[in-house]
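Residues per chain are reported as follows:
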Amino acid sequence: MLTAQRAVAPLRVFLVLLFGILVLFQVMSLPGQFAHMARQNPDLAYLRWPATAVSVFWVLCVQVVVVATWQLLTLVKKDRIFTEASLRWVDAIVWAILAGWLVLAGVFLYVGFNAKDPGLPLLLFLALIGVAVLGLLMVVMRTLLRQATTLRSDLEQVI
């Protein structure tokens, strides 16, 4: 079985790749895609900049999660994951997920009230529920980390 210490290095490689791809999407792909859509559908061209801003914001939220995960991996590697410092990074993940979820909820409401067929609103609803589950899971994981940190500090005081 792969141990946590052995998983850190490959996970960091994938986090670097993910971050690089996210920057590429932020800078080139998303703005270019929405510019192309505006040219192809002039009646929807007014959505170009709001869609670009929202998409770039979501990518930024994921980047915050990637950076916080990197920092948590550093704490794991140094065997300092059960400290107060780790809770701040988990908080950053929770806040990034919450921010992304709130914007997603706004997009869901906008699309839901303006949709002509249920396909996109249902897809957005699925994403809304998925992100909510992820955010709540992180809250539970934070609680478990807090308990483990308290237990470890109590154990260190006894020894």
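Residues numbered from 1 in each chain as written. Predicted model: local features only at pLDDT ≥ 70, side-chain atom pairs only at ≥ 80, totals over all residues. Heavy atoms only, no water.

Turning our attention to the overall build of the protein chain. Secondary structure assignment for the protein chain yields 4 helices and 0 strands. For the protein chain, the succession of helices and strands along the chain, N to C, is α-α-α-α. In terms of C-alpha radius of gyration, the protein chain reaches 20 Å, well past the compact-globule figure of 15 Å for 159 residues. Principal-axis analysis of the C-alpha atoms gives the protein chain an extent of 70 × 30 × 30 Å. When each of the 159 residues of the protein chain is scored for burial, the buried share is 25%. (Helix = DSSP H or I, 4+ residues; strand = E, 2+ residues; numbered from the N terminus. Rg over C-alpha atoms; globule rule 2.2 N^0.38 Å. Buried < 20%, exposed > 50% of the residue type's maximum accessible area, 1.4 Å probe, protein only.)

With respect to the secondary-structure elements, asparagine 114 resides in helix 3 (residues 84–114). Between the alpha carbons of asparagine 114 and valine 27 there is a distance of 29 Å; along the sequence they are 87 residues apart.

Take the packing of aromatic side chains next. Across all of its chains, the model carries 1 aromatic pair by this definition. For the pair phenylalanine 108 and phenylalanine 125, a centre-to-centre distance of 5.7 Å together with 40 degrees between the ring planes defines the contact as tilted. Of this pair, phenylalanine 108 sits in helix 3 while phenylalanine 125 sits in helix 4 (residues 119–158), placing them 17 residues apart in sequence. The ring of tryptophan 70 carries arginine 12 above its face, with NZ or CZ at 4.5 Å from the centroid. (Phe/Tyr/Trp six-rings, centres within 6.5 Å; stacked < 30°, edge-to-face > 60°. Lys NZ or Arg CZ within 6 Å of the ring centre and 35° of its normal.)

With that settled, the discussion passes to the nonpolar core. Membership of the largest hydrophobic core is limited to 12 residues, which are Ala68, Leu72, Leu75, Ile81, Ala85, Leu87, Val90, Ile93, Val94, Ile97, Met138 and Leu145. Within the residue set of this core, elements represented by two or more residues are helix 2 (48–77), helix 3 and helix 4. Here this core gets 6 residues from one element, more than from any other, and that element is helix 3. Dropping the residues within four chain positions of it, leucine 72 is found in contact with Ile81, Ser86, Trp89, Val90 and Ile93. (Core = buried A, V, L, I, M, F, W, Y, C linked by side-chain atoms within 4.5 Å. Contact = heavy atoms within 4.5 Å.)

Positive phi, normally seen in glycine, also occurs at aspartate 79, with a value near 55 degrees. Relative to the elements of secondary structure, aspartate 79 occurs in the loop between helix 2 and helix 3.

Moving on, we come to the side chain of threonine 149. Mapped onto the fold, threonine 149 is located in helix 4. Residue classification places threonine 149 among the buried residues on the basis of a relative accessible area of 7%. Setting aside residues up to four positions removed in sequence, threonine 149 forms contacts with Ile81, Phe82, Thr83 and Glu84.

So, about the UniProt feature "transmembrane region" (unreviewed entry) in the protein chain. This chain's UniProt record puts "transmembrane region" (unreviewed entry) on residues 53–73, 93–113 and 119–145. Here residues 53–73 runs as 100% helix and 0% strand, with 30 Å between its end C-alpha atoms. For residues 119–145, helix accounts for 100% and strand for 0%, while the C-alpha atoms at its two ends are 39 Å apart. (UniProt positions renumbered as here; feature names shortened; annotations may be inferred.)

When the local axis directions of helix 1 (residues 4–40) are compared, the greatest deviation, roughly 50 degrees, occurs at phenylalanine 25. Among the residues of helix 1, Val8, Arg12, Leu15, Leu22, Gln26, Leu30, Phe34, Ala35 and Ala38 are the ones counted as buried. On its buried face, helix 1 is in contact with helix 2. (Bend = angle between axes of the 7 residues up to and from the residue.)

A separate point is the packing of helix 3 against helix 4. At a minimum axis separation of 9 Å, helix 3 and helix 4 run at an interaxial angle of 165 degrees. Regarding the angle of helix 3 to helix 4, the classification is roughly antiparallel. As helix 3 packs across helix 4, the resulting crossing turns out to be left-handed. For the contact of helix 3 with helix 4, a count of residues per class yields 23 nonpolar, 4 polar and 4 charged. (Axes fitted to C-alpha atoms, helices over the stretch in contact; angles between N-to-C directions. Parallel < 35°, antiparallel > 145°, perpendicular 65-115°, else oblique. Left-handed = near helix turned anticlockwise from the far one by under 90°. Nonpolar A, V, L, I, M, F, W, Y, C, P; charged D, E, K, R; others polar.)

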